[in-house]
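Fold and contact review
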Amino acid sequence: NSPHIDVALTESLMTCVASLLASTADEQGAGDPARAEQSFVRPRSCEELLPRFARKQTLRVQDVHWRRLDLRIDAWSAAENRERLTNPSVLCLNGRLLMVARLMSDPTVQPPCTDVWRSRVVLSSLAYDRARGKLVNVSCMGDLTEGLVSREAEVRAERCVGTGRTPSIGLGAEDPRLALLDGALVLSANVPLTPSDDAQPADVTLADTELSSCAAAGSRRAMLLSWLGSTSPPLELRWPSAPTATARNWLLFSHERHVYAVYSIEPHVVLRVSEGGVCSATHVTANSRLAARFAGRAVHGGANPLLVRDEAGRPHFFLSALHTKDMRLRYHNYVYTFAATPPFAVLSVGRKPLRLHGKRVRFVSGLATVGAFGRQGELVGVSYGADDAQARLALLPLSLLLANQQVVSGSSRPHTVRASTLRLLQLPSEAQEQALSRRLASSAVAAGRVASGLGGCSLRDGWRFDSPSIKVVASARASGCCALCAATHYCSAFTWSASDGGDGGGVCWLKQWSGTMVRQAGAISGHFSREAACACQLSDDVELNASEVSRTAAPTAELCCSLCLRSAHCGAYTWYARAADATARVGVGGDDVGGDEGGVDGGGVDHGGGDGRGGGDSDGGGNGGGSAGICVLRRAPGAGAAVRVPLLGARSAVVALKRTLLFVHHHPPRVDFGSDRRLLSVLEQARAGGFSVFFAGVSTGGGSSGRARLRELGVEVLCP
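A short tour of the structure in this document, coming up.

1. Things to note about the sheet that holds strand β17 (residues 279–287)
Pairing is antiparallel in the open sheet, where 5 strands are placed in the order β14-β15-β16-β17-β26. Whereas interior strands pair on both sides, the edge strands pair on one side only; in this sheet they are β14 (251–255) and β26 (412–414). Neighbour to neighbour, the strand axes of the sheet diverge by 30° on average, direction disregarded. Relative to strand β16 (residues 268–273), strand β15 (residues 258–264) runs antiparallel, the two being bridged by 5 bridges. Its bridge partner lying in β16, valine 262 is registered against valine 270.

2. Let's talk about the state of the cysteines
Using the criterion set out here, one finds 5 disulfides in the structure. Here cysteine 481 connects covalently by a disulfide to cysteine 508, the sulfurs 1.9 Å from one another. Disulfide cysteine 481 to cysteine 508: torsion about the S-S bond roughly -85°, handedness left-handed. With a gap of 27 residues between them, cysteine 481 in helix α10 (residues 480–486) and cysteine 508 in strand β30 (residues 507–511) connect regions that are remote in the sequence. Of the residues examined, cysteine 481 reaches a relative accessible area of 0% and is grouped as buried. Cysteine 564 shares a disulfide with cysteine 570; S-S distance 2.0 Å. Between cysteine 564 and cysteine 570 the sulfur-sulfur dihedral comes to about -100°; the bridge is accordingly left-handed. In terms of burial, cysteine 564 and cysteine 570 fall into one category: buried.

3. With respect to the packing of aromatic side chains
When we look at a pair of aromatic rings, we describe it by the centre distance and by the angle of the planes. Evaluation of the coordinates by the stated rule reveals 11 aromatic pairs. Between phenylalanine 253 and phenylalanine 344, the ring centres sit 5.1 Å apart and the planes meet at 75°, which makes this aromatic pair edge-to-face. Highlighted residues: phenylalanine 253 in strand β14 and phenylalanine 344 in the loop between β20 (331–339) and β21 (346–350), separated in sequence by 91 residues. Exposure class is identical for phenylalanine 253 and phenylalanine 344. Each is buried. Connected via pairs of aromatic rings, a cluster forms that spans Phe253, Tyr260, Phe318, Tyr336, Phe338 and Phe344.

What counts and how
- Residues numbered from 1 in each chain as written.
- Predicted model: local features only at pLDDT ≥ 70, side-chain atom pairs only at ≥ 80, totals over all residues.
- Heavy atoms only, no water.
- Pairing = 2+ DSSP bridges.
- Helix = DSSP H or I, 4+ residues; strand = E, 2+ residues; numbered from the N terminus.
- Axes fitted to C-alpha atoms, helices over the stretch in contact; angles between N-to-C directions.
- Disulfide = S-S within 2.5 Å.
- Buried < 20%, exposed > 50% of the residue type's maximum accessible area, 1.4 Å probe, protein only.
- Phe/Tyr/Trp six-rings, centres within 6.5 Å; stacked < 30°, edge-to-face > 60°.

Next comes the structure, spelled out in structure tokens:
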């Protein structure tokens, strides 16, 4: 049976949480705060809730088949609820095996091109089911999401989804972790970043200034700290000097009644959490051996640190876990230790990654003492998520976790935090991509603002495009270049100059791309940005449910792309083979029709013609009558404003940025030409931005060719 979910911070949810936190320890500590706190600091064993295995005094670690004690947590029915339980954090507290975990829905694609991930954070209690061989839920399951996520931040993130400015965005709360901080049970999670107080209200239309922030919306996350069992609101943790707006994978621990957070593994940046959630980097150490070992990989924190004590009960060291990600997006998890006293320098790290189930183990998200392994020390529960589809708990003795550690303590030195020294927080390719996104976002404008009219031609006075020209044509006026360029294959930009024409006339220098803009008095440049840069991502047997702009006859769905690109307000369309089909569907559309079921996928073909003209010339013809097909042009879909509706024979598309670029030049780039070096720079930026790039140019022989550089960049050369 599926457990009941309390979907809001209601009285029933508070009752559920209170019942999960209640235990016999409350009675033992009644009237004695010191005893009650001690029961939290040194939790009772949870051995009775776990599989039984022989614990003879002479039993050795190597005598146990530990792989069999890597248990699946089956506390949620994905088949019934279409959500998967993953990224658990399990903690043994007062004889109860508590778990917080992420309930994750299947990602959807929101037009024009954004992957949307929706998650919830749930709290429950576990026990081993011997018949099923799994850990199962034995209590209510409380949904803590609404108490963590700001409604304003959620609404703003939803609106950013429809702009297409971010390739991926997470809605809801992610990566929950449990921790005991000075005897208090706390939950940490990351959520969408709440907008600043001076931001516009969430119910207004996205402004140009806001669109630039949407480009980074997928990576703007905040860390929250919530005291379970308390009515106090969650605390947002903020480090004003953080090099990025992405706050996730902070590892929380306490020392001498102060709360700390591990922000970075190398350098080991430890933040002290002050009142109000403001953090400061009080202890920073760098380890040369750690940096050399994980060079070229991203290194992130995994599990909240577990304090290991010596036989006398004194703090010995902290045990935690980190995970690495390489260029092939493979994840590996390592146990590591750091000092129990300031400056909390790294002491050791596992020589080999942990052996865990799953083909794509994401990361270890919890470490907790759950019992004892005879006289050989503590039994540790390692909780982790596998393949974004499973939650698991592996039982391992502490001695086995620490059996093969590389000691690096002698290589730690005090360090000063700078953004450049935190390079192991991301892969080199991720850093390049974010830098490119920031540059692009700084000049972002609302979709449809640039040359979005009927074949609109945008003119810029006093500027010259310095890219190579494909044709030179006489024209008395700059405005005449618009028609000349539109009538020329491959032309999407031009520069007009009166001084180059002679006899008082002017000249249009027609170009495939604009290149660098250079100030020049008397020059006027123009372009057709929307039709050159945008294409239509087409899907078969799909109808789009979005607001209608207009309708017109068209014999093919491909021709609709040209009509849409030349319409000022069109951002999507549906083509019907018969006008009667569109008439029967006249009720489809409207701004209030929404849903999260996904949008038109981005797997279609870029239509719009190789000459940047969006599919050829057409006057659209007619008023939608006849039986030769009809285009219903629609507005650009926003958050929740478009739904994929299956309809046999219908073909729908959304306007999106072309991801495949064809550069045509009269010869391969030559590195001894200044303009060609700029062309190579543009190609390099396009490849770094995730574009597929093709190059066509006839070889002239001789000279210094950039053909080798094209191959290095991954650009496919179509012509010799």
